[in-house]
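Coordinates in review
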Amino acid sequence: MRNYLGKTLKNEVVNAFGVTVLPANIVLEEEHLILLEKHKIEHISVIYDVVEPAKNAKSSTPHYAVSQVTIRAKEMYDSIRETGKVPMDELQNNIIPAVKSVASHPNIFELFEAVKAQGDYTYQHNIGVGVLSTMIGKWLNLKEDELTALTLAATLHDVGKVKIPPEIINKPGKLTEAEFEVVKKHTIYGYEILKKTEGISYRAALVALQHHEREDGRGYPLGLTSDKIDNFSKIVAVADIFHAMSSDRPYHKALPFYEVVRQLREGYFGQLDPHIVSVFLENITTKMIGQKVVLTDDRVGEIVFINPHDEEAPLVRVGEEFVDLSAERQLQIKQIIGL
């Protein structure tokens, strides 16, 4: 086993029970080898010829890529606001390929950090939802042409907000009932903009219209029930909620990781498509092994084991101590830092 020390893990490693022990693409350290021995795993695949990082490593990080495509998205939305038309060349040749490229980053937790909105929420949110929806689409095994259509629809899901007064969109406090009624119209405005845009599928217009609809019919603007909501709209709804809860917004701070997961799980019951939420959360939890985390008492540790009976309360190594979150219920994961 020791000859694997310092090598990069090629594939995800699972134990005899099908639980992820180590994620792909991590550099193996002493504690990782100990963990493999504990799980009686003897054979793994590693990458021996590791390419040296680029001189300008900053340009290859997801944070940098997201910041660059967000600038392009802001320019695109400003153009739509002024002309009423979607600049299709810029969208198809630059923005959508960039969003898909970011979504392919191997460490999803580093990606989650990269897409969190912390400043200009409106534009960062559009890109964040585009990236997250693309990830979910991959996990749902969408074909490549469907995936591209989903990426486009998700990135434009809030396009109707170009017609909402900026003072309402950027209001730092809670919206009044009248203001919220104005905001809800962005779904209809977005549908109207995209429906008349050549080169954009009708499904993208439906996503703009339906991404706030809910399975139980309690969403807006039409109060549609599950059977009348397009599947792309259901995917974008999950990405939209996850990104909104994970980000700083004008009127509230980002929620801690455990609270985001809890609220998403509760969304199983009536509001969100249960299959899509299940696939999303399953792909998150199975990739948590080896990730650095901040606990609610602000200690930093590393997840070393996922309890298959309580996936949200893993075993965390903090220094020389092992903290079992399924036993110590007063502690939870506040943030996953990513490697």
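This text gives an overview of the structure that appears in the document. (Residues numbered from 1 in each chain as written. Predicted model: local features only at pLDDT ≥ 70, side-chain atom pairs only at ≥ 80, totals over all residues. Heavy atoms only, no water.)

When helices and strands are tallied, the protein chain shows 13 helices and 9 strands. For the protein chain, the C-alpha atoms occupy an extent of roughly 60 × 45 × 35 Å along the three principal directions. Of all intrachain contacts in the protein chain linking residues separated by at least 6 positions in sequence, the fraction that spans at least 24 positions is 61%. (Helix = DSSP H or I, 4+ residues; strand = E, 2+ residues; numbered from the N terminus. Contact = heavy atoms within 4.5 Å.)

Okay, the environment of Arg-218 next. With respect to the element layout, Arg-218 can be found in the loop between helix 10 (202–210) and helix 11 (231–246). In this structure the C-alpha to C-alpha distance between Arg-218 and Ser-326, which are 108 residues apart in sequence, comes to 34 Å.

When a strand is regular, its side chains alternate between the sheet's two faces. Bridge count for strand 7 (residues 315–318) against strand 8 (residues 321–324) is 4 bridges, and the pairing is antiparallel. Paired with Val-316 across the strands is Val-323, a residue of strand 8. Adjacent in sequence and paired antiparallel, strand 7 and strand 8 are bridged by 2 residues, among which Gly-319 carries a positive phi angle near 65°. (Pairing = 2+ DSSP bridges.)

Here 5 strands make up an open sheet; going across it, the order is 8-7-6-5-9 and the pairing antiparallel. Bordering the open sheet on either side are strand 8 and strand 9 (333–336), each of which pairs with just one other strand. Adjacent strand axes in the sheet meet at a mean angle of 40° when their direction is disregarded. As judged from the 3 bridges shared by strand 5 (residues 292–295) and strand 9, these two strands associate in the antiparallel manner. (Axes fitted to C-alpha atoms, helices over the stretch in contact; angles between N-to-C directions.)

Right, let's get into the packing of helix 2 (residues 62–83) against helix 5 (residues 121–139). Where helix 2 meets helix 5, the axes come as close as 9 Å, and the angle between the chain directions of the two elements is 115°. Considering their axes alone, helix 2 and helix 5 lie roughly perpendicular with respect to each other. The chirality of how helix 2 crosses helix 5 is right-handed. Residue-level contacts link Val-66, Val-69, Thr-70, Ala-73, Lys-74, Tyr-77, Asp-78 and Arg-81 of helix 2 to Tyr-123, Gln-124, Asn-126 and Ile-127 of helix 5. Class assignment of the residues belonging to the contact of helix 2 with helix 5 gives a composition of 6 nonpolar, 3 polar and 3 charged. (Parallel < 35°, antiparallel > 145°, perpendicular 65-115°, else oblique. Left-handed = near helix turned anticlockwise from the far one by under 90°. Nonpolar A, V, L, I, M, F, W, Y, C, P; charged D, E, K, R; others polar.)

For the rest of this paragraph, the subject is the packing of aromatic side chains. Enumeration over the complete set of coordinates arrives at 8 aromatic pairs. Pairing Tyr-77 with Tyr-123 gives two aromatic rings, centres 6.2 Å apart and planes at 70°, and the pair type is edge-to-face. You can see Tyr-77 sitting in helix 2 and its partner Tyr-123 sitting in helix 5, a full 46 residues away along the chain. Residue classification places Tyr-123 among the buried positions, given a relative accessible area of 9%. Ring centres 5.9 Å apart and planes at 85° place the aromatic pair Phe-180 and Tyr-220 in the edge-to-face group. Of this pair, Phe-180 sits in helix 8 (residues 177–184) while Tyr-220 sits in the loop between helix 10 and helix 11, and the two are 40 residues apart along the sequence. Note on Phe-180: relative accessible area 36%, which makes it partly exposed. Taken together, the ring pairs connect Phe-109, Phe-112, Trp-139, Phe-242 and Phe-280 into an aromatic cluster. Above the plane of the ring of Tyr-220 lies Lys-184, whose end atom (NZ or CZ) is 5.5 Å from the centre. (Phe/Tyr/Trp six-rings, centres within 6.5 Å; stacked < 30°, edge-to-face > 60°. Buried < 20%, exposed > 50% of the residue type's maximum accessible area, 1.4 Å probe, protein only. Lys NZ or Arg CZ within 6 Å of the ring centre and 35° of its normal.)

For the bond from Tyr-220 to Pro-221, the omega torsion is 10°, close enough to zero to count as cis. Considering the arrangement of structural elements, one finds Pro-221 in the loop between helix 10 and helix 11. For Asn-141, which is not glycine, the phi torsion reads 60° and is therefore positive. Of note, Asn-141 is situated in the loop between helix 5 and helix 6 (144–155). Backbone geometry at Asp-298 places phi at a positive 75°, although glycine is not the residue there. Positionally, Asp-298 belongs in the loop between strand 5 and strand 6 (300–305).

So, about the nonpolar core. One broad trend across soluble globular proteins is that nonpolar side chains are buried collectively. Within the largest apolar cluster, 93 residues are counted, with the highest numbers of intra-cluster contacts made by Leu-22, Leu-91, Leu-194 and Ile-284. Considering every element that reaches this core, the biggest residue donor is helix 11, with 9 residues. Setting aside anything within four residues of it in sequence, one finds Leu-22 in contact with Leu-9, Glu-12, Val-13, Leu-28, His-32, Leu-35, Leu-36 and Ile-289. (Core = buried A, V, L, I, M, F, W, Y, C linked by side-chain atoms within 4.5 Å.)

What follows deals with the packing of helix 3 (residues 88–103) against helix 6. Contact geometry of helix 3 with helix 6 gives a least axis separation of 10 Å together with a crossing angle of 100°. As judged from the angle between their axes, helix 3 and helix 6 are roughly perpendicular. Where helix 3 approaches helix 6, its residues Leu-91, Ile-95, Ile-96, Val-99 and Lys-100 are matched on the opposing element by Glu-144, Thr-148, Thr-151, Leu-152 and Thr-155. Grouping the amino acids of the contact of helix 3 with helix 6 by side-chain chemistry returns 5 nonpolar, 3 polar and 2 charged.

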